[in-house]
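Chain residues, written in single-letter form:
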Amino acid sequence: MLLLFRIMAVAGPAGFGGVMLVIGIILGGHWKSLPPADFLDSFGRYGGFIQRAIPLVVIPTLIGLAGMRSTGTMRQPAISGLPRRAASPLSSC
């Protein structure tokens, strides 16, 4: 189960970045060619598509992060074999 949470926590932001990249590539050239008024109107036409695509990647991310937090794996693990307090080069001065 922990592996599933980790995969979701990593794959979600990667998917979100991918969705944003695809939206920018597909619609970016089109949006640049529009006059300002038509550019703003295009958000009304494509807004539903964009709003449906984003939760598909945000929800798994939140589930993965919540699962990792609930299992306590977001804390930094202790490194064995190292002293708790490393000596500073300036401490001998």
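Residues numbered from 1 in each chain as written. Predicted model: local features only at pLDDT ≥ 70, side-chain atom pairs only at ≥ 80, totals over all residues. Heavy atoms only, no water.

K.L.:
For this particular structure, what's the right way to read the overall build of the chain?
P.N.:
Of regular secondary structure, the chain possesses three helices and zero strands. The order of helices and strands in the chain, counted from the N terminus, is α-α-α. Residue pairs in contact within the chain that sit at least 24 positions apart in sequence constitute 70% of those at least 6 positions apart. When the accessible surface of the chain is totalled, it reaches about 7400 Å², and 69% of it is carbon and sulfur. (Helix = DSSP H or I, 4+ residues; strand = E, 2+ residues; numbered from the N terminus. Contact = heavy atoms within 4.5 Å. Areas by Shrake-Rupley, 256 points an atom, 1.4 Å probe, with all protein chains shown as cover.)

K.L.:
How do you make sense of the nonpolar core when you look at a structure like this?
P.N.:
In a soluble, globular protein the nonpolar side chains are often hidden away together inside. By size, the foremost hydrophobic cluster in this structure holds seven residues: V19, I23, L27, W31, I50, A53 and V57. Elements with a minimum of two residues in this core: helix 1 (2-32) and helix 2 (36-53). Examining the composition of this core, we find that four residues originate from one element, helix 1, more than from any other. Once residues lying within four places of it in the same chain are set aside, the contact partners of W31 are I23, F39, S42, F43, Y46 and I50. (Core = buried A, V, L, I, M, F, W, Y, C linked by side-chain atoms within 4.5 Å. Buried < 20%, exposed > 50% of the residue type's maximum accessible area, 1.4 Å probe, protein only.)

K.L.:
Got a minute to help me understand the environment of W31 in this structure?
P.N.:
Within the secondary structure, W31 sits in helix 1. Each C-alpha atom of the pair W31 and F43 lies 9.7 Å from the other, and the pair is twelve residues apart in sequence.

K.L.:
When you look at helix 3 (residues 55-71) in this model, what are you seeing that I'm missing?
P.N.:
A turn of α-helix holds 3.6 residues, and therefore any two residues three or four places apart point the same way. Between its first and last C-alpha, helix 3 extends 24 Å over 17 residues, near the 24 Å set by a 1.5 Å rise per residue. The set of residues buried in helix 3 consists of V57, T61, G64, G67 and M68. The buried residues of helix 3 occupy an angular sector of 135° when projected down its axis, which confines them to one face. Projecting away from the buried face of helix 3 at angles above 90 degrees are the exposed residues L62, R69 and S70. Among the structural elements, helix 1 and helix 2 are those in contact with the buried residues of helix 3. (Expected span 1.5 Å × (residues − 1). Arc of directions from axis to C-beta.)

K.L.:
Even after reading the chapter, I still don't get the environment of G15, so can you show me in this structure?
P.N.:
By secondary structure assignment, the location of G15 is in helix 1. Taking the C-alpha atoms as reference, G15 lies 9.2 Å from T61; in sequence the two are 46 residues apart.

K.L.:
Any chance you could explain the packing of helix 1 against helix 3 here in plain terms?
P.N.:
The description of two helices packed together rests on the angle between their axes and the distance between the axes. It is the contact of helix 1 with helix 3, at a shortest axis distance of 7 Å, that shows an interaxial angle of 150°. What the angle tells us is that helix 1 and helix 3 run roughly antiparallel. For the pair helix 1 and helix 3, the crossing hand works out as left-handed. Counting all contacts with helix 1, which are made through L2, F5, R6, M8, A9, G12, P13, G15, F16 and V19, the residues of helix 3 involved are V57, V58, P60, T61, I63, G64, L65, G67, M68 and T71. Across the contact of helix 1 with helix 3, the residue classes break down as 13 nonpolar, six polar and one charged. (Axes fitted to C-alpha atoms, helices over the stretch in contact; angles between N-to-C directions. Parallel < 35°, antiparallel > 145°, perpendicular 65-115°, else oblique. Left-handed = near helix turned anticlockwise from the far one by under 90°. Nonpolar A, V, L, I, M, F, W, Y, C, P; charged D, E, K, R; others polar.)

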